[in-house]
Amino acid sequence: MLGSRIKQLRINQRLSQAVLAEHCGLQKANLSRIESGKTNITMLTLLSIAEGLHVTVAELFQDLQEEVPSQQVEAKEAVEVE
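If you're wondering where the values come from, they're calculated on a predicted model, not measured in any experiment.

Chemist: Report on the packing of helix H1 (residues 2–12) against helix H3 (residues 28–35), specifying residues and quantitative values.
Modeler: Close contact between H1 and H3 brings their axes to 7 Å; oriented N to C, the two are set at 120 degrees. With respect to each other, H1 and H3 are oriented oblique. Of H3, the residues touching H1 (which contributes Gly 3, Ser 4, Ile 6, Lys 7 and Arg 10) are Leu 31, Ile 34 and Glu 35. Across the contact of H1 with H3, the residue classes tally to three nonpolar, two polar and three charged.

Laid out in structure tokens, this is it:
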């Protein structure tokens, strides 16, 4: 989860939520909701958090794996896309 990754990076840098939120121009409560996955994050906020953590946006997504099951389709099967 992206929020967990943000929290991990913040803790690794020994930053409190209050300090990181201030660096990013966010409310501490909003950062808390982001880290706990209780709110969606905009691209602008994502960029602000990356800057506040001194990492790239790509680094925020590093080592994240979606827990969405994939579906395999055999090559001989036709798949209709609407």
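Chemist: Give a detailed account of helix H4 (residues 43–53), specifying residues and quantitative values.
Modeler: Turning to H4, its buried residues number three or more, namely Thr 45, Leu 46, Ser 48, Ile 49, Ala 50, Gly 52 and Leu 53. Once H4 ends, the next one or two residues include His 54, with phi positive near 60 degrees.

Chemist: Please provide a residue-by-residue account of the nonpolar core, values included.
Modeler: One broad trend across soluble globular proteins is that nonpolar side chains are buried collectively. Counting 15 residues, the largest nonpolar core has Ile 6, Leu 26, Leu 31, Ile 49, Leu 53, Val 55 and Leu 60 as its most contacted members. Listed by contribution, the elements that provide at least two residues to this core are H1, helix H2 (17–24), H3 and H4. Per-element tally for this core: the top contributor is H4, with four residues. Filtering out sequence-adjacent residues up to four positions away, Leu 31 remains in contact with Ile 6, Gln 17, Leu 20, Ala 21 and Ile 49.

Procedures and definitions
Here the residue numbering is sequential within each chain, running from 1 through the sequence in written order. Since the coordinates come from a predicted model, pLDDT governs what is reported: local features require at least 70, and pairs of side-chain atoms require 80 or more to be given and counted, while whole-chain, interface and lining totals use all residues. The basis for every side-chain value is the complete set of non-hydrogen atoms in the structure, without hydrogens or water. Under this scheme, a helix contributes an axis fitted over its contacting stretch, all axes are lines through C-alpha atoms, and angles between N-to-C directions fall in the 0 to 180 degree range. Numbering of helices and strands runs from the N terminus, with a helix taken as a DSSP run of H or I at least four residues long and a strand as a DSSP run of E at least two residues long. Put simply, angles under 35 degrees are roughly parallel, angles over 145 are roughly antiparallel, angles from 65 to 115 are roughly perpendicular, and the rest are oblique. Contact between two residues is taken to exist if any of their heavy atoms lie within 4.5 Å; hydrogens are not considered. Residues were grouped as follows: Ala, Val, Leu, Ile, Met, Phe, Trp, Tyr, Cys and Pro as nonpolar; Asp, Glu, Lys and Arg as charged; and all remaining residues, including Gly, as polar. Burial classes follow relative accessibility: with a 1.4 Å probe on protein chains only, a residue under 20% of its type's maximum area counts as buried, one over 50% as exposed, and anything between as partly exposed. Nine residue types can take part in a nonpolar core, namely buried Ala, Val, Leu, Ile, Met, Phe, Trp, Tyr and Cys, and a core is a set of them joined through side-chain atoms within 4.5 Å.

Structural measurements only, silent on function.
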